[in-house]
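A structural walkthrough
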Amino acid sequence: GQNIDQPTEMTATEGAIVQINCTYQTSGFNGLFWYQQHAGEAPTFLSYNVLDGLEEKGRFSSFLSRSKGYSYLLLKELQMKDSASYLCAVAGGSYIPTFGRGTSLIVHP
Amino acid sequence: ETGVTQSPTHLIKTRGQQVTLRCSSQSGHNTVSWYQQALGQGPQFIFQYYREEENGRGNFPPRFSGLQFPNYSSELNVNALELDDSALYLCASSFQGATNEKLFFGSGTQLSVL
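How each quantity is defined
Residues numbered from 1 in each chain as written. Chains lettered and ligands numbered in written order. Predicted model: local features only at pLDDT ≥ 70, side-chain atom pairs only at ≥ 80, totals over all residues. Heavy atoms only, no water. Helix = DSSP H or I, 4+ residues; strand = E, 2+ residues; numbered from the N terminus. Rg over C-alpha atoms; globule rule 2.2 N^0.38 Å. Buried < 20%, exposed > 50% of the residue type's maximum accessible area, 1.4 Å probe, protein only. Contact = heavy atoms within 4.5 Å. Areas by Shrake-Rupley, 256 points an atom, 1.4 Å probe, with all protein chains shown as cover. Lys, Arg positive; Asp, Glu negative; His and termini not counted. Charge placed at Lys NZ, Arg CZ, Asp CG, Glu CD. Pairing = 2+ DSSP bridges. Axes fitted to C-alpha atoms, helices over the stretch in contact; angles between N-to-C directions. Buried area = accessible area lost by both parts, 1.4 Å probe. Salt bridge = Lys/Arg side-chain N within 4 Å of Asp/Glu carboxyl O. Polar contact = N/O pair within 3.5 Å; in protein donor to acceptor, adjacent residues only side chain to side chain. Nonpolar A, V, L, I, M, F, W, Y, C, P; charged D, E, K, R; others polar.

Helices and strands together make up the secondary structure of chain A, namely zero helices and 11 strands. Order of helices (α) and strands (β) in chain A, N terminus to C terminus: β-β-β-β-β-β-β-β-β-β-β. The C-alpha radius of gyration of chain A comes to 13 Å, within 12% of the 13 Å expected for a compact globule of 109 residues. The principal-axis extent of the C-alpha atoms belonging to chain A is close to 40 × 30 × 20 Å. Looking at chain A as a whole, 49% of its 109 residues qualify as buried. In chain A, of all internal contacts separated by at least 6 residues, the share reaching a separation of at least 24 is 56%. Surface summary for chain A: the accessible area is close to 5,100 Å², and the carbon and sulfur share equals 49%. The average position of the 7 basic charges and that of the 9 acidic charges among the side chains of chain A differ by 4 Å.

Moving on: the sheet that holds strand E6 (residues 53-57) of chain A. Strands in a sheet are paired, the pairing made by backbone hydrogen bonds, and the direction either parallel or antiparallel. Residue and element names in this part refer to chain A. Spatial strand order, E1-E3-E8-E7-E6: five strands in an open sheet with antiparallel pairing. Only two strands of the sheet have a single partner each, and these edge strands are strand E1 (2-5) and E6. Between one strand and the next, the sheet's axes are offset by a mean angle of 15 degrees, whatever the strand orientation. Bridging between strand E3 (residues 18-26) and strand E8 (residues 70-75) involves six bridges; their strand directions are antiparallel. Counted as the bridge partner of Asn21 is Tyr72 from E8.

With that settled, the discussion passes to the interface of chain A and chain B. At the interface, 14 residues of chain A touch 21 residues of chain B. Each partner contributes to the roughly 1,400 Å² buried at the junction of chain A and chain B, and carbon and sulfur atoms together form 58% of this total. Put simply, chain A and chain B have zero salt bridges between them. For the pair chain A and chain B, the interface holds four residue pairs in polar contact (both at pLDDT 80 or more). Where the side of chain A that touches chain B is concerned, the elements lending two or more residues are strand E4 (32-37), strand E5 (44-49) and strand E10 (97-99) of chain A. Ranked by the residues each element gives to the side of chain A that touches chain B, the list is headed by E4(A), at three residues. Within the side of chain A that touches chain B, the residues separate by chemical class into 11 nonpolar, two polar and one charged.

Rendered as structure tokens:
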């Protein structure tokens, strides 16, 4: 089985940087995903890590350490539209992602 | 980009009734996964279909069942509805065999059981 832990809520200021952490325990590992979900909308794909290290994509970066069972999503130059829930999901031996409960990010002006 | 459509968008049922939710996958995708998302929670995996066969199942009772059709569209059926079944039901399509099997989600069906 899998166990995924991420903070329930975070707040940040427009223009700032925020790091959302995710820790996991899994039997078998085939990648870690981050999804963004605005209220009332479908989750949308942000990033995928399967090897250790940092993946950068514009204002968003995602880091993975397989030995520590740890990932983070880094959001730079925060904008109001970044207010959303951020979901960490781990693909185990079955390749089917298991989602954490999500981190609700609130960006203040 | 999503291309995954679900119907209906909202549904109200009473306890004990049965419901069928529908999903059309994105063009080129051969796998459909269904998730249940309660308010304030992450999506919980129900089951996945690949080539019309169930390819994995989460911790949901047998009254949750599904189908996948030759055109890769899918249905989720829930019998004997309970109040706790009230949730957002998300369908996601993907291409099994891709290096990064990212999921493309539909907008979901909001089910309320009274």
